[in-house]
Amino acid sequence: MSALSRFRSWLVSVEFAVTATAVVVALAAGGALAFSHVAVERDAFAVVMLAGVAVPNVYTDSWMETVDSHLAGVAWALAACVVVVACYLLVATAVRSVAGEPAGTVTGFVLTWLLALVASRTAT
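Residues numbered from 1 in each chain as written. Predicted model: local features only at pLDDT ≥ 70, side-chain atom pairs only at ≥ 80, totals over all residues. Heavy atoms only, no water.

A. Region of the structure containing helix H5 (residues 101–123). With 23 residues, H5 extends 32 Å from end C-alpha to end C-alpha; this agrees with the ideal 33 Å at 1.5 Å per step. Within H5 the residues assigned to the buried category are Glu-101, Gly-104, Thr-105, Gly-108, Thr-112, Trp-113, Ala-116, Leu-117 and Ser-120. Along its buried surface, H5 packs onto helix H3 (41–63) and helix H4 (70–99). (Helix = DSSP H or I, 4+ residues; strand = E, 2+ residues; numbered from the N terminus. Expected span 1.5 Å × (residues − 1). Buried < 20%, exposed > 50% of the residue type's maximum accessible area, 1.4 Å probe, protein only. Contact = heavy atoms within 4.5 Å.)

Quick look at the structure:
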């Protein structure tokens, strides 16, 4: 199978639907945070990375066999992005109030990614 035919088959796969949805949500959420006065500027980058990279990673790690239609993949990606972003903001804000700025961002990012992987493996 050539690289072009593999790419074409990926473009019509559920994995592509999940990835495309996650990237669009990541860019929208990151842009909203970047222009808000509530969040720290590093929050936008962390949200883009978590929603745009962690969500497709969690899907390929645990959910490829379970979510097998395009519509279900899009719905799963939307729900996963909301949960990941909310978890990050909660953890980062909580740690930031105790330990300060850099620790809040780093701890929120790492803990959210790990929690997403553990939760998805537990759920499937």
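That shown, we press on.
B. Structural detail: the environment of Glu-15. Summarising the element assignment, Glu-15 is placed in helix H2 (residues 14–34). The class for Glu-15 is partly exposed, based on a relative accessible area of 23%. For the pair formed by Glu-15 and Glu-65, sequence separation is 50 residues and the distance between their alpha carbons is 11 Å. Beyond its immediate chain neighbours, meaning those up to four positions away, Glu-15 contacts Trp-10, Tyr-59, Thr-60 and Met-64.

C. Inspection of the packing of H2 against H3 at higher detail. With their axes 8 Å apart at the nearest point, H2 and H3 run at an angle of 165° to one another. Between H2 and H3, the interaxial angle falls into the category roughly antiparallel. H3 is crossed by H2, and the crossing has right-handed handedness. Where H2 approaches H3, its residues Val-14, Glu-15, Val-18, Thr-19, Ala-22, Val-23, Ala-26, Ala-29, Gly-30, Leu-33 and Ala-34 are matched on the opposing element by Asp-43, Ala-44, Val-47, Val-48, Ala-51, Gly-52, Val-55, Pro-56, Tyr-59 and Thr-60. Partitioned by chemical class, the residues of the contact of H2 with H3 number 15 nonpolar, four polar and two charged. (Axes fitted to C-alpha atoms, helices over the stretch in contact; angles between N-to-C directions. Parallel < 35°, antiparallel > 145°, perpendicular 65-115°, else oblique. Left-handed = near helix turned anticlockwise from the far one by under 90°. Nonpolar A, V, L, I, M, F, W, Y, C, P; charged D, E, K, R; others polar.)

D. Expanded view of a nonpolar patch on the surface. Side chains of Leu-4, Phe-7, Trp-10, Leu-11 and Val-12 sit close together on the surface and give an oily, nonpolar patch of about 460 Å² of accessible area. Relative to the helices and strands, Trp-10 is located in helix H1 (residues 3–11). (Patch = residues over 30% accessible without salt bridge, like charges linked within 9 Å, V, L, I, M, F, W, Y side chains within 5 Å. Areas by Shrake-Rupley, 256 points an atom, 1.4 Å probe, with all protein chains shown as cover. Salt bridge = Lys/Arg side-chain N within 4 Å of Asp/Glu carboxyl O.)

E. How the structure looks around the environment of Trp-63. Along the chain, the position of Trp-63 falls in helix H3. Sequence-distant contacts of Trp-63, defined by excluding residues within four places in its chain, comprise Val-58, Trp-76, Ser-120, Ala-123 and Thr-124.

F. The confidence of the model for the protein, seen in detail. Averaged over all residues, the pLDDT of the protein equals 91, while 97% of them reach at least 70. Within the protein, the element-level pLDDT minimum falls on H1, averaging 91, and the maximum on H4, averaging 94. (pLDDT = per-residue confidence, 0-100.)

G. Focus on the nonpolar core. Among the nonpolar cores identified, the biggest contains 27 residues, and Val-55, Tyr-59 and Trp-76 are the most heavily contacted of them. Listing elements by their share of this core, those giving two or more residues are H2, H3, H4 and H5. Looking at this core element by element, the count peaks at ten residues for H3. With residues up to four places along the chain from it excluded, the contact list for Trp-76 reads Val-18, Val-55, Val-58, Tyr-59, Trp-63 and Val-67. (Core = buried A, V, L, I, M, F, W, Y, C linked by side-chain atoms within 4.5 Å.)

H. Local environment of the packing of H2 against H4. Running from N to C, H2 and H4 cross one another at 35°; their axes reach a closest spacing of 8 Å. Crossing handedness for the pair H2 and H4: right-handed. Contacts between H2 and H4 involve Val-14, Ala-17, Val-18, Thr-21, Ala-22, Val-25 and Leu-33 from the first element and His-70, Gly-73, Val-74, Trp-76, Ala-77, Leu-78, Cys-81 and Leu-89 from the second.

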